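In case you want the letters, here they are:
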Amino acid sequence: MPLNIAIVNYGMGNLHSVYKKLAEFNVCPVIATTAAQIMKADKILLPGVGHFETAIAYLKKIGIYDALNEAVLIRKKQILGICLGMQLMARGSEEGGATGFGWLDASVIKFKIKDKVKHKVPQTGWNTIDICKESYLFKNINNHSEFYFLHSYHYEVSESKDILTKTEYEYDFVSAVEKGNIFGTQFHPEKSHSAGTELLRNFIQI
């Protein structure tokens, strides 16, 4: 039976491109809007482009927030957060006053860029990753591979063991994390050509 992968729909994000990319594999992607769909899933993908506080409020409004906590923390379902989806896994963000899931001991801060001519915010486009620890998520992906970014905020992680990759944009920031069954990428693998395809394949196979 193909894996059932729930793509969480919370009113923001690039659901179509994520769904289309997952459909290339031998899996059953489902746009999930209910707690029942989250619980039924074998794996969960939490995408997103948008506002942190608005996203948390919407997840609570549609009844998925508690379901995600149960699925990830109690049932230990593997989850991949993309861009805003990864940011929601932190304790909180400078983007609004909402509290995040707190699955990782991390906070989300806005870029503190000095040279705003050379490094525009949001960071938009291709950048390389520096792999900090071995992970199946990056199997067959070369260090310094390029991925597509679109973001104004980034992670600050308290536990260095949770850092999977870093990226330089005037200074180094955390661009991917891994903690047990929890994975996150600040970049968009669904828009990152062959390297992104390989990463999604690896997540499916973990």
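J.: How should the side chain of K43 be read in this particular structure?
T.: The topology assignment puts K43 in strand β3 (residues 43-46). Buried charge without a salt bridge: K43, with D42 as the nearest opposite-charge side chain at an N-O distance of 8.8 Å. Apart from residues no more than four positions distant in its own chain, K43 is found in contact with L3, N4, I5, A6, Q78, F203, I204 and I206.

J.: How should the packing of aromatic side chains be read in this particular structure?
T.: Each aromatic ring pair is characterised by the separation of its centres together with the angle its planes make. On inspection of all chains with the given rule, the structure shows 11 aromatic pairs. Just above the ring of F203 sits the side chain of K43; from NZ or CZ to the centre is 5.1 Å. A cation over an aromatic ring shows up here: K60 above the ring of Y65, its NZ or CZ 4.9 Å from the ring centre.

J.: Teacher, can you tell me more about the pattern of salt bridges here?
T.: Where charged atoms from two side chains of opposite charge come close, those side chains can pair. Taken as a whole, this structure holds 5 salt bridges when the rule is applied. Between K21 and E24 there is a salt bridge, with the nearest N and O atoms lying 3.6 Å from each other. Taking the relative accessible area as the measure of exposure, K21 reaches 13% and is therefore buried. R91 serves as the salt-bridge partner of D105, at 2.2 Å between the closest nitrogen and oxygen. Of this pair, D105 sits in the loop between β5 (92-93) and β6 (106-110) while R91 is found in the loop between α5 (84-87) and β5, placing the two residues 14 residues apart along the sequence. Exposure remark for D105: the relative accessible area of 31% places this residue in the partly exposed category. Judged by relative accessible area, R91 falls into the partly exposed class, the value being 38%.

What counts and what doesn't
Residues numbered from 1 in each chain as written. Predicted model: local features only at pLDDT ≥ 70, side-chain atom pairs only at ≥ 80, totals over all residues. Heavy atoms only, no water. Helix = DSSP H or I, 4+ residues; strand = E, 2+ residues; numbered from the N terminus. Buried < 20%, exposed > 50% of the residue type's maximum accessible area, 1.4 Å probe, protein only. Lys, Arg positive; Asp, Glu negative; His and termini not counted. Salt bridge = Lys/Arg side-chain N within 4 Å of Asp/Glu carboxyl O. Contact = heavy atoms within 4.5 Å. Phe/Tyr/Trp six-rings, centres within 6.5 Å; stacked < 30°, edge-to-face > 60°. Lys NZ or Arg CZ within 6 Å of the ring centre and 35° of its normal.

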